[in-house]
Amino acid sequence: MNKTNTLDKENDYIFDIDEQSFQKKVVEASTNRIILVDFWAPWCEPCKQLSPILENIINDCEGIVHLAKINIDEKNKEINISINIVEGSQYRVGKINSKSDDTVPERDILQALQIKSRDIYSPSKVRKGIMDIGDLYSTHGYAYADANPLTKINESSRTVDITIDVDKGRKIYVGEITVMGNTRTLDNVIRREFRLKEGELFDSRKLKRSKQRINNLQFFEDVKIDTRRGKDSDLIDILTTVT
C-alpha cells in the first residue's frame, strides 16, 4: 500500500491509509506545524480510521492542512487523499501570565511552561508546558490538576497572549499499593523501596523515585507503575508490575 504520487509543485500529495507513509509525507511536505484540519468526509465510515492519525500529525506539526479530496478505492481497499498544506503567517508569543494560586507561585508555573515572550508560538510547546505544569501540581498532592492555556490572538502584531488557568481540584491521597508479577523476591522487598505509603498525600516525584529504586534492585527486566482512581474520590491506587 505504500504508494505516494506527487500532484504538482504546491505540496499536494496523494496517500493511501498506511499510517507511516501518511505521517512521513505530510511532515516532509510541511515546514511548520499543523494547527487546523478540515475533514471533508465525516460521513465516511472508513475515514474515521484517519482521526487518530491526523491527531498525531497535529501534535507534531504546525501550519494549516486542508484535505481537498478523498477517494475510496474499494477494489484495492485504499483511501486516497489529496492534501494541501498552507504554511500561513508566523506568530510570536506575546504576554504570558498565570492566574493567582496559593499552591504554586506564578514564577514556578511560568518556569514549568518553558516559553518566553517573543518566542515563536508553538502549540506543541504549549501542550508540553501544560503537561509539565500538571506534573508540578501533582507533587503537591493535586494528582488530577487541570491546567488550561487561554490564548488571545493579536492579528495586528501577530502575537499570541497566553494565560495559564489551573483547576487544581482536591488533594489526593495514596490508596492501595499492589505488586504484581513478582517471582524473584518477597513483595516486602519491593514495597520498602516505595517513597510513598498508603494514606499519605500523593507526590508524583516520590512515585518516580520509587520506580527508580525498584529498578536499582536489578531483580527485574522491566518495572511498570500505573495509577488509577481508588475506591474514594480522594484516593489514587498504585499498581506495580514487575517482569
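Residues numbered from 1 in each chain as written. Predicted model: local features only at pLDDT ≥ 70, side-chain atom pairs only at ≥ 80, totals over all residues. Heavy atoms only, no water.

J.: Let's hear about the confidence of the model for the chain: which residues, and what values?
T.: Residues shown with low pLDDT carry predicted positions that ought not to be read at fine detail. Averaged over every residue, the pLDDT of the chain is 79; the share at 70 or more is 68%. The low-confidence segment residues 1–18 (pLDDT under 50) makes 56 contacts with residues lying over four places distant or belonging to another chain. A low-confidence stretch, residues 25–44 stays under pLDDT 50, and its non-local contacts, those more than four residues away or across chains, total 56 contacts. (pLDDT = per-residue confidence, 0-100. Contact = heavy atoms within 4.5 Å.)

J.: Account for the packing of aromatic side chains, with residues named and values stated.
T.: For any pair of aromatic rings, the description rests on two quantities: the centre-to-centre distance and the angle between the ring planes. Counting across every chain of the model gives 1 aromatic pair. Where Phe219 meets Phe220, the ring centres are 6.1 Å apart and the plane angle is 90 degrees; that geometry is what we call edge-to-face. (Phe/Tyr/Trp six-rings, centres within 6.5 Å; stacked < 30°, edge-to-face > 60°.)

J.: So what's going on with the environment of Asp165? Residues and values would help.
T.: With respect to the secondary-structure elements, Asp165 resides in strand S8 (residues 159–167). Residues Asp165 and Asp101 lie 64 residues apart in sequence; the distance between their C-alpha atoms is 9.4 Å. Sequence-distant contacts of Asp165, that is, excluding residues within four places in its chain, are made with Lys99, Asp146, Ala147, Asn148 and Leu150. (Helix = DSSP H or I, 4+ residues; strand = E, 2+ residues; numbered from the N terminus.)

J.: Mind laying out the sheet that holds strand S6 (residues 92–98), listing which residues take part and the relevant values?
T.: Pairing in this open sheet of 3 strands is mixed, and the strands run S6-S8-S7 from one edge to the other. Every interior strand has two partners, whereas the edge strands, S6 and strand S7 (146–154), have only one. For this sheet, the mean inter-axis angle between neighbouring strands, taken without regard to orientation, is 25 degrees. In this sheet, S8 lies alongside S7 in antiparallel orientation, the contact comprising 9 bridges. Bridge pairing links Pro149 to Ile164 in S8. Taken strand by strand, helix H3 (residues 106–113) contacts S6 and S8, and its axis lies near 145 degrees from that of S6. (Pairing = 2+ DSSP bridges. Axes fitted to C-alpha atoms, helices over the stretch in contact; angles between N-to-C directions.)

J.: Outline the sheet that holds strand S10 (residues 223–229), supporting the account with residue identities and numerical values.
T.: Strand order in the open sheet made by the 3 strands is S9-S11-S10, with mixed pairing throughout. The two strands at the open ends of the sheet, each matched to only one other strand, are strand S9 (173–180) and S10. Geometrically, the sheet is characterised by an average inter-axis angle of 20 degrees between neighbouring strands, direction not taken into account. Here helix H6 (residues 204–216) sits on the sheet and contacts S10 and strand S11 (235–242); the angle it forms with S10, its principal contact strand, is near 150 degrees.

J.: Any chance you could break down the pattern of salt bridges for me, citing the residues and the numbers?
T.: Where side chains of opposite charge bring their charged atoms close, a pairing between them can arise. Following the criterion strictly, the structure yields 7 salt bridges and no others. Here Glu200 ties to Lys206 by a salt bridge, and the two come within 3.6 Å at their closest N and O atoms. A residue is classified by how much of its surface remains accessible, and Lys206, at 34% relative accessible area, is partly exposed. Ionic pairing is found between Asp203 and Arg205, a salt bridge with its closest N-O pair at 4.0 Å. We classify Asp203 as buried; its relative accessible area is 10%. Owing to a relative accessible area of 54%, Arg205 belongs among the exposed residues under this scheme. A cluster of three or more residues bridged by salt bridges with shared partners is formed by Arg192, Glu193 and Arg213. (Salt bridge = Lys/Arg side-chain N within 4 Å of Asp/Glu carboxyl O. Buried < 20%, exposed > 50% of the residue type's maximum accessible area, 1.4 Å probe, protein only.)

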